[in-house]
Amino acid sequence: MTNDEITRRRFLNNVSLGLSGLAGLVLGVPVIAYLLNPLLNPEGREWVDVGPVDSFPQGRTVLRAVADPSPLPWAGQTAQTAAWVRRTGAQEFTVFSVNCTHLGCPVDWKPDANLFLCPCHGGVYYSDGTVAGGPPPRPLIHYPARVQEGKLQVQSPLFLQITG
């Protein structure tokens, strides 16, 4: 071997190690941020305004768009979700996750039938979120809700900003 071959080999070896380290860093930052999130935000939940109480008709279920379930800049399309809000009394609300508990498909509210339907595998839920039929293993997820200063607020780590 000549000195030129050893130099090229070392150069390519260093380039390979450098690129591997860079790839590991790029892939590792989101994982580390995810793991450190409980330490940075120990409570992890905030009360967020969904809208004025008067904007929710009593006895009706309304879909509300939810933006930014993750404060991370790479959340992309996963930062767009929604929730079903049902007003059950003058100051009582039930807020459901929009996702089926079977495989996470978004459920649709059918007011004529008074049911939530999952279009993916035929899951059916009653208006209170309990399972009526199909493959869902458990009821729709409920989010804590309260009325504060005339506004409905929801508590969940998924709801950081409510739109529409």
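Quick caveat, the model's predicted, so the values are computed rather than measured.

Participant: Quick question: what am I supposed to make of the state of the cysteines here?
Facilitator: Formally, a disulfide is one covalent bond, and it connects the sulfur atom of one cysteine to the sulfur atom of another. The final tally for this structure, using the stated rule, is one disulfide. For cysteine 105, the disulfide goes to cysteine 120, at an S-S distance of 2.1 Å. Taking the sign of the torsion about the S-S bond as the criterion, the disulfide between cysteine 105 and cysteine 120, at about -105°, is left-handed. Placement of the pair is cysteine 105 in the loop between strand S4 (93-97) and strand S5 (108-110) and cysteine 120 in the loop between strand S6 (115-117) and strand S7 (124-126), with a sequence separation of 15 residues. Overall, cysteine 120 belongs to the partly exposed group, its relative accessible area being 38%. As a non-bridged cysteine, cysteine 118 has cysteine 100 as the owner of its nearest cysteine sulfur, 3.9 Å distant. Residue classification places cysteine 118 among the buried positions, given a relative accessible area of 6%.

Participant: Sorry if this is basic, but what is going on with the sheet that holds S6 here?
Facilitator: Within a sheet, each strand pairs with its neighbour through backbone hydrogen bonds, oriented either parallel or antiparallel. One open sheet accounts for four strands, arranged S5-S6-S7-S8; its pairing is antiparallel. This sheet does not close on itself; its edge strands, each paired only once, are S5 and strand S8 (131-133). Averaged over all pairs of adjacent strands, the angle between strand axes in this sheet comes to 35°, irrespective of strand direction. Here S7 runs beside S8; their pairing, made up of two bridges, is antiparallel. Each residue of the ladder has a partner; that of tyrosine 125, found in S8, is valine 131.

Participant: Sorry if this is basic, but what is going on with the packing of aromatic side chains here?
Facilitator: Aromatic ring pairs: the centre-centre distance and the angle between the two ring planes describe each pair. In the structure shown here, the tally under the stated rule is four aromatic pairs. For the pair phenylalanine 56 and phenylalanine 93, a centre-to-centre distance of 5.7 Å together with 75° between the ring planes defines the contact as edge-to-face. Taken together, the residues phenylalanine 56 in the loop between strand S1 (47-52) and strand S2 (61-67) and phenylalanine 93 in strand S4 connect sequence positions 37 residues apart. Judged by relative accessible area, which is 1%, phenylalanine 56 ranks as buried. Ring-pair connections join several aromatic residues into one group, and the members of that group are Trp84, Phe96, Trp109 and Phe116.

Participant: In this structure, what is going on with the pairing of S4? I would like to understand it.
Facilitator: Across a regular strand the side chains alternate sides, sitting on one face of the sheet and then on the other. Within S4, five of the five residues are buried, which leaves it mostly tucked inside the rest of the structure. Alternating residues of S4 divide into Phe93, Val95 and Ser97 and Thr94 and Phe96, and every residue in both groups is buried. Relative to strand S9 (residues 142-143), S4 runs antiparallel, the two sharing two bridges. For phenylalanine 96, the partnering residue across the bridge sits in S9 and is histidine 142.

Quick notes on the rules
- Residues numbered from 1 in each chain as written.
- Predicted model: local features only at pLDDT ≥ 70, side-chain atom pairs only at ≥ 80, totals over all residues.
- Heavy atoms only, no water.
- Disulfide = S-S within 2.5 Å.
- Helix = DSSP H or I, 4+ residues; strand = E, 2+ residues; numbered from the N terminus.
- Buried < 20%, exposed > 50% of the residue type's maximum accessible area, 1.4 Å probe, protein only.
- Pairing = 2+ DSSP bridges.
- Axes fitted to C-alpha atoms, helices over the stretch in contact; angles between N-to-C directions.
- Phe/Tyr/Trp six-rings, centres within 6.5 Å; stacked < 30°, edge-to-face > 60°.

Nothing here speaks to function; it is all geometry.
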